[in-house]
Structures are given as C-alpha cells and as structure tokens.
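Now for the letters of each chain:
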Protein chains: 2
Amino acid sequence: MISKNQLKLIHSLELKKQRKKLGLFLVQGEKNVGELFQSDFEIVNLFATTDYINKQAKQLTEYQLIAKTVESGEEELKKAGTLKTNNSVIAVVKCKVFTPPEQQAGLVLVLDQVGDPGNLGTIIRVADWYGIKHVVCSPDCADLYNPKVIAATMGSFARVQVSHAQLTEYLNEQNKPIFGAFLEGDNIHQCRLPNSAFIVMGSESHGISDAVAKLITDKITIPNFGQAESLNVAMATGIILDNFKR
Amino acid sequence: MISKNQLKLIHSLELKKQRKKLGLFLVQGEKNVGELFQSDFEIVNLFATTDYINKQAKQLTEYQLIAKTVESGEEELKKAGTLKTNNSVIAVVKCKVFTPPEQQAGLVLVLDQVGDPGNLGTIIRVADWYGIKHVVCSPDCADLYNPKVIAATMGSFARVQVSHAQLTEYLNEQNKPIFGAFLEGDNIHQCRLPNSAFIVMGSESHGISDAVAKLITDKITIPNFGQAESLNVAMATGIILDNFKR
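In every chain, residue numbers begin from 1 and rise along the written sequence. Chains carry letters from A onward and ligands carry numbers from 1 onward, assigned in written order. Per-residue local features are limited, in this predicted model, to residues with pLDDT of at least 70; the limit for side-chain atom pairs, both in listing and counting, is 80 or more; totals at the level of whole chains, interfaces and linings are taken over all residues. The basis for every side-chain value is the complete set of non-hydrogen atoms in the structure, without hydrogens or water.

1. Thoughts on the sheet that holds strand E3 (residues 69–71) of chain B
All names here are of chain B.
In step 1: On the basis of which strands lie adjacent, the open sheet formed by four strands has the order E1-E4-E2-E3 and mixed pairing. With partners counted over all chains shown, the strands left at the sheet margins are strand E1 (24–28) and E3, one partner each. For this sheet, the mean angle separating the axes of adjacent strands, direction not counted, is 20 degrees.
In step 2: Strands pair, by our definition, only if DSSP identifies at least two bridges between them. Under the scheme used here, helices are H or I runs from DSSP no shorter than 4 residues and strands are E runs no shorter than 2 residues, and both carry numbers assigned from the N terminus. As defined by bridge partners, E1 adjoins strand E4 (residues 89–94) across five bridges and the pair is classed as antiparallel. Bridge pairing links Val27 to Ala91 in E4. Note on geometry: axes are C-alpha line fits, over the in-contact stretch for helices, and angles between N-to-C directions span 0 to 180 degrees.

Next comes the structure, spelled out in structure tokens:
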C-alpha cells in the first residue's frame, strides 16, 4: 500500500520546483520503467501492482529492487500517477544532470525554446531512433523530468543525454558547423549534410531566437509541396534527422 | 452572449454520436477558423470576442458571416470550448463526407486503425505540407471531426480530403502499388519510390492489420540508427512522405 507520505511525495514530483529541490522524478508505465532497469538511473522506490511484481520478479531481483518495491493496488496507482492508462508501475528516480558535449564529433541536436513537453519527449525519442546521443536545450525549454516529457520519450530518456545551456555562449565556443531550421533556408533535399554538426530547432511559435540565429552557419528548410504553413517542431526534427542520416 | 441552448449544442458536439446525428462539428481558435473562410465548409454559427470581430470585420463581411456571428465574452468561450488557450472564436460548421479517390494518379495516404486524435490531426497536417490531397481511414480510426483532430491539423483539415473505407475492399479494387510501413521492410533510403502509390500506415500499437498487410505490394521501413524501438505513427508518416517527395 502507498502511504500518505509516499503519495504526497509522488504528487509533489509533478512540480518542477519540487523535482529540483528533491532531485527526484517520476517514471510511469511498464515500457518506461523497463528502460530504467538497464540504465544507470538510480531507482529510489517502485510502486507496482502484484501482477507487475510477479511478471518482473526476475528483473526486480537481478537489479536488487525487491526491497525498494511497494506493492500497490491499481486504483492507488491511478490516483498517484499522471497517466490515464498503463498504471501498473510508478518509479521514483534520482535526477541526473548532464553537461553539454564539448568538441565531440557527431550530430548534436540543439533546442531553442521548445516549451511543449510532448514535443520535447517526441524529439528525444526520434533523436534516439537516429542514434543522436546529445540534446542541448535552452534554459526555457520544457523540463526533461516533467512526467509528460518522460512519457513521450517511450524510454529514450534513458539513452539520450539531455543537457541545458545558454545557447549563444555554448555554441560560440564550438567549431562544428551549426545548421538551423528556418522557413526560408536552403532546400534540405539538395544540401550536402555533414556527419558532424549541430542542428538547431526553434520553437513552433517563435522559431530560432535572433541571438542564436546569428550563430547559424547553414540555414536549411524542409521543402513545402502543399499549403500547410508549418510543421510541428518534433515532426520537423525527425524529418531533418532522416535527411542527415540517409 | 451565448444562449443556454447554444452552449448545450456546442458541448454536445464534443461527442461523436451527436456530431453524426446533427452533421455538425466545432472549429476553434483563430488559425483553424481562419482556414474555414477560404474553404467550402459551411459555417452555421460563429461565437467570437468583440476583439476578434473587430479584427476580422472585413473577412466576416466578405464571407457574409456577420449575421451568423454571436458576440461572446472570453470566459464564456473558454467554458464553451475544449481548448485551453486561444479562445477568441468557436465555429459551428457543417460536416462534409468525402469519398475515397478512385483510380487517380498521385500519392494517397491510407491509415489503418490510427485511433489517437492527436496523431490523426498531425498526419493530416504533414500530408498537407507534402501536397497529399487524400487520406483514407479505416472505420476504426479517430473521427476527423473530433475537436482534438481538428486542433492538431492547424487548418489542414480544410484542404485534405479525409474519407473512410473498409480498407481491404477499397484497396482490392485499386491498381497502384501499395506501400506499407513495417519494422522489417526494405530500407526506405534505398527504395525506388514512385509518384503514384498508396502509402499504408498502421497504428502504433498494432501495426498494419493482417488482412490489409496481405494487399501490400512493397514493405518499407525507416532505418533505425539508434535504440528506440519504434517511432510515433505521425512522425513515421512525415518521414516516409519526405522520402517519397524528395
């Protein structure tokens, strides 16, 4: 059974302020919790149904999680968590703070003011699909540890290092080409796209901020064959990554 | 002011059953309502703030909508509508029923069991970006006129014809190649992709159903460079369309 204090803790982790203060966040649902086991994230507590515990007995033993697991009713978990479905397990996990990569080869995704949690999570997932190891976010992006972000990553939060930086300061010190997505850049179908570069994506409503735009070395655009005015930022990121990786 | 009966009507249109019965649906927010003006969808009523009415006076006159417009308070609109932000205008609009395209050249998107309204809306938007005119849905896809679908299309619902069909019956009678997205198909970066074809996308959880899979002539896949197990169906659709159109 989930105690009153545990329930209070879980609910408090819906708030960024509390996550920062306590250094903890929530991972919910079988898929996302399963990815935790194989990562080096430290699980503080697991709240899980009897069914889940029986099904995962081997894993829980292997990862020494039995003592940290609290058997909970499905209704309890539903009340404690933020998901509408898939309420068999909730993990309380220690936050990790990543630093932006310095002078490394490869593609690094840079997000400027991507405030929507669902978009950030979807971007982390597609970054993982294309083998991107680092996503660097401006301070005003959504919080990685927001439950909506974690849910949308479908487990990819455990593999992609998401860090925060003042983008102008950070990019100023790097020496790889800096590609940026604009509505009036070069047609990405016709560009030579390198294996090592930064790819900057701006928010859907504001685009890339002026200060960051000044640092862009290559403006690119996804050609428009119809009449939609724009693409969702997560969608645009996926399409651009596909072009870089083909 | 919105009358009690009008409020009741608006709320009832959140339900598929009522939309079907009355043949009406809701379009909310400036961007989506703006797209209506230039389409041949018939607006039955507009509920809008004084600000909106003043700003759009020219358009409302041009499209003979003044008499159909009910001046409403922002709070009233918020209570009437389903959006959290952007509550300056709600339109009640007549549904149109589209039929699937028959023996036409070009790319046609086919969706099998895509039940999530946000995904369907995002797919319609990216289809519009790539100039796709027709999306054919299996009967168990989300309802085009669900307010969440309309919101996610960002106006593209007014340009893309979304129809419903029993997919096996429909596809059986067509003579274009039928491409389908699978996890173990041919690498889309290396396929010859024609200008005229069906592109079938299955639901995220179930993939393409067995009966439809039998009709696929070309199985394709987006190559995976990392460790994510899958992509969101809307994301996969966008990436595949980009590959077809490049």
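From this point on, the discussion continues.
2. Describing the relation of the copies chain A and chain B
In step 1: Once chain A is rotated about the relating axis by 180 degrees and shifted along it by 0.0 Å, it coincides with chain B to within an RMSD of 0.0 Å. Overall, the copies show the geometry of a two-fold rotation axis.
In step 2: A symmetric contact is evident, with 100% of the interface residues of chain A recurring at the interface of chain B. C-alpha atoms of residues with pLDDT of at least 70 in both copies form the basis for the least-squares superposition of the copies. Note on contacts: a residue pair is in contact if any heavy atoms of the two residues lie within 4.5 Å.

3. Re the environment of Glu30 of chain B
In step 1: By the element assignment, Glu30 of chain B lies in helix H3 (residues 30–37).
In step 2: In terms of polar contacts, Glu30 of chain B uses its side chain to reach the side chain of Lys55 of chain B, at 3.2 Å. Two N or O atoms count as a polar contact when they lie within 3.5 Å, although within protein this holds only if one can serve as hydrogen donor and the other as acceptor, and sequence-adjacent residues are included solely when both atoms are side-chain atoms.

4. Brief notes about the domain arrangement of chain A
Residues and elements named next belong to chain A.
In step 1: What the domain assignment lists for chain A is domain 1 (4–94) and domain 2 (107–245).
In step 2: Here the C-alpha centre of domain 2 lies 30 Å away from the C-alpha centre of domain 1.
In step 3: Between domain 1 and domain 2, the residue contacts involve 16 residues of the former and 12 residues of the latter.
In step 4: Summed over both partners, the accessible surface that disappears when two parts come together, traced with a 1.4 Å probe, is what is meant by buried area. A buried area of about 1200 Å², summed over both sides, lies between domain 1 and domain 2, and 63% of it is on carbon and sulfur atoms. Those domain boundaries reflect an automatic or database domain assignment.

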